[in-house]
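Structure assessment
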Amino acid sequence: MRKATTLATALMLSAMASPLSAQEAITTTHAGLQGDLAGTLEGTLAQGTPAVLIVPGSGPTDRDGNSPLGIAAQSYKLLAEALAQRGIASVRIDKRGMFGSAAAVPDPNDVTVDDYVADIESWADRISQASGGQCVWLLGHSEGGLMTMAAAAKDPSRYCGLLLVASVARNLGDVLRAQLAANPANAPLLPEIDAIIAKLKAGDSVPAAGMHPALVPLFAPQVQGFLGSVFRQEPAEVIAAHDLPVLILNGSADLQTPAADARALANVRPDATLVILERANHVLKQVPDDTSAANLATYADPDLPLAPGVVDAIVEVVTGSDAS
């Protein structure tokens, strides 16, 4: 039965912190890569110790949850440290072609959902082998949630369950279209936008030469393969493709993935644990008020702790499951 956890309940689950675990570099690779994928292990991989793979969100988001596009919240690093304090090991990773995983592929834009799933499988095997053959929990944040859902749908036997944090419930083509339509200035471009999304979803390409110049940066040829593969993913289908334990966690102050998405995912999986944390935002920080300025200010504050209840919700699901 789905369980909606309030902030007050989550706070009561808090435990006393122990000293931080030392960090350790960890790598993996597979036949589809030219070099190693890199990550950071927090805690100890051992039989009987739960292990979580933290899959980052969209764009150039690094293993700590930061991005050169103005994000320095350190959300994944803070989460990994907190999980280690609670006896849960984690591996947070750099995506292929980026940061420590730059040598894995020559072009980080030349990627598809299937490629990311292959990388997740490689990481899961690496972690499982180091921890006595145990299954691995997948934690996907934002776009990473979609990647973990796709991985679990492909081969649920590898994984203990899904920890979906700020994950979308709608087709990302529909999300993108809605975002563009929200700006009245884009109204003349909507027919072309609809046509481009439909073609990419069908597996076709769209030449930049015939595209409106304002749309070229968004639908550039070098990212069309990735966009098409993402547009073909239906969150409601992939989350329902298995019966693994699922946590669906969202903040009520998330400007990028509204809590309505979390509720929609939970409607598809009524057995999931649904947690909506009041005043938590997309980078898992607590916001002081309802203004966008205050919300976005937390994106650049690495010293601000994670919102109350984030860690407790994850720990409760991971340690309360009978998966092994």
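Treat the numbers as computed from the prediction; the structure is a model and nothing was measured. (Residues numbered from 1 in each chain as written. Predicted model: local features only at pLDDT ≥ 70, side-chain atom pairs only at ≥ 80, totals over all residues. Heavy atoms only, no water.)

1. Digging into the overall build of the protein
What counts here: Helix and strand assignments follow DSSP, with helices taken as H or I runs no shorter than four residues and strands as E runs no shorter than two, numbered in order from the N terminus. The atom set for the radius of gyration is the C-alpha atoms, and the globule formula is 2.2 Å times the number of residues raised to the power 0.38. Any two residues having at least one pair of non-hydrogen atoms within 4.5 Å are treated as being in contact. For the accessible areas, the method is Shrake-Rupley and the probe is 1.4 Å, while residue cover comes only from the protein chains on display. When charges are counted, neither His nor the chain ends are considered; positive counts come from Lys and Arg and negative counts from Asp and Glu. To locate a charge, take NZ of a lysine, CZ of an arginine, CG of an aspartate or CD of a glutamate.
Looking only at helices and strands, one finds 11 helices and 9 strands in the protein. Against the 2.2 N^0.38 benchmark of 20 Å for 324 residues, the protein shows a C-alpha radius of gyration of 19 Å, consistent with a compact globule. With the C-alpha coordinates aligned to their principal axes, the bounding extent of the protein is approximately 60 × 45 × 35 Å. Long-range pairs, those at least 24 residues apart, make up 71% of the contacts in the protein between residues at least 6 apart in sequence. Per element, the accessible surface of the protein, about 13,500 Å² overall, is 55% carbon and sulfur. The protein carries 20 positive and 34 negative side-chain charges, and their two centres are separated by 2 Å.

2. Comments concerning the nonpolar core
Side chains of nonpolar character tend, in soluble globular proteins, to be buried together. Convention followed: For our purposes a nonpolar core is just a set of buried Ala, Val, Leu, Ile, Met, Phe, Trp, Tyr and Cys residues, chained together by side-chain atoms within 4.5 Å. To sort residues, take the accessible area from a 1.4 Å probe on protein chains only and compare it with the maximum for the residue type: under 20% means buried, over 50% means exposed, and anything in between is partly exposed.
Ranked by internal contacts, the top residues of the largest apolar core, which has 66 residues, are Leu 53, Phe 219 and Ile 248. Per-element accounting of this core gives the leading share, 7 residues, to helix α3 (residues 113-130). Membership of the second largest hydrophobic core comes to 29 residues, among which are Ile 88, Leu 249, Leu 277 and Val 318.

3. Comments concerning the state of the cysteines
Which entries qualify depends on this criterion: Note that a disulfide, as used here, is simply two cysteine sulfur atoms within 2.5 Å.
Within the structure shown, the criterion is met by 1 disulfide. Here Cys 135 pairs with Cys 160 through a disulfide, and the sulfurs are 2.0 Å apart. Disulfide Cys 135 to Cys 160: torsion about the S-S bond roughly 105°, handedness right-handed. Of this pair, Cys 135 sits in the loop between α3 and β6 (136-141) while Cys 160 sits in strand β7 (residues 159-165), placing them 25 residues apart in sequence. The exposure class assigned to Cys 160 is buried, which follows from its relative accessible area of 5%.

4. Here we look at the pattern of salt bridges
Heads up, the rule is: The term salt bridge refers to a side-chain nitrogen of Lys or Arg lying within 4 Å of a carboxyl oxygen of Asp or Glu.
With the rule as written, the count across this model stands at 16 salt bridges. We note a salt bridge from Asp 271 to Arg 269, for which the minimum N-O separation is 2.7 Å. Judged by its relative accessible area of 5%, Arg 269 is buried. What you see here is one network of salt bridges that share partners, running through Glu 121, Asp 125, Lys 154, Asp 155 and Arg 158.

5. Topic: the confidence of the model for the protein
In plain terms, the rule: What pLDDT expresses is the predictor's confidence in each residue, scored from 0 to 100.
Mean pLDDT over the protein: 92, with 92% of residues reaching 70 or higher. Here residues 1-21 scores under 50 on pLDDT; set against residues more than four positions off or in separate chains, the count is 41 contacts.

6. Brief notes about helix α6 (residues 190-201)
Note the following rule: The span you would expect from a helix comes to 1.5 Å times its residue count less one. Think of the arc as the fan of directions from the helix axis to the C-beta atoms.
Taking 1.5 Å of rise per residue, 12 residues should cover 16 Å, and α6 covers 16 Å from first to last C-alpha, within 8% of that figure. Those residues of α6 that fall on the buried side of the exposure criterion are Leu 190, Ile 193, Ile 196, Ile 197 and Leu 200. One face of α6 carries all of its buried residues, which in axial projection span an arc of 120°. Its buried side turned inward, α6 meets α5 (172-181) and α7 (221-231).

7. Regarding the packing of aromatic side chains
Just so we agree on the cut-off: Each aromatic pair joins two rings of Phe, Tyr and Trp (for Trp, the six-membered one) with centres within 6.5 Å, and gets the label stacked for planes under 30 degrees apart, edge-to-face for over 60, and tilted for any other angle.
Enumeration according to the criterion identifies 1 aromatic pair in this entry. An angle of 85° between the planes, with centres 6.0 Å apart, marks the rings of Tyr 116 and Phe 226 as edge-to-face. Here the residue Tyr 116 occupies a position in helix α3, and Phe 226 occupies one in helix α7, the gap between them amounting to 110 residues.

8. Structural notes on the environment of Gly 133
By the element assignment, Gly 133 lies in the loop between α3 and β6. Separated by 46 residues in sequence, Gly 133 and Gln 179 place their C-alpha atoms 43 Å apart.

9. Let's talk about the packing of helix α2 (residues 75-85) against helix α11 (residues 310-320)
Keep this limit in mind: Fitted lines through C-alpha atoms serve as axes, helices being fitted only where they are in contact, and the angles separating the N-to-C directions of these axes extend from 0 to 180 degrees. Reported orientations rely on four angle classes, namely roughly parallel under 35 degrees, roughly antiparallel over 145, roughly perpendicular from 65 to 115, and oblique for the rest. Crossings are sorted by hand: turned counterclockwise from the far helix by less than a right angle, the near helix makes the crossing left-handed, and turned clockwise it makes it right-handed. Amino acids are sorted into nonpolar (Ala, Val, Leu, Ile, Met, Phe, Trp, Tyr, Cys and Pro), charged (Asp, Glu, Lys and Arg) and polar (every other residue, Gly among them).
In the contact formed by α2 and α11, the axes pass within 10 Å of each other and the chain directions differ by 50°. Relative to α11, α2 is oriented oblique. The hand of the α2/α11 crossing is right-handed. Contacts from Leu 79, Ala 82 and Leu 83 of α2 reach α11 at Val 310, Val 311, Ile 314 and Val 315. Considering only residue class, the contact of α2 with α11 consists of 7 nonpolar, no polar and no charged.

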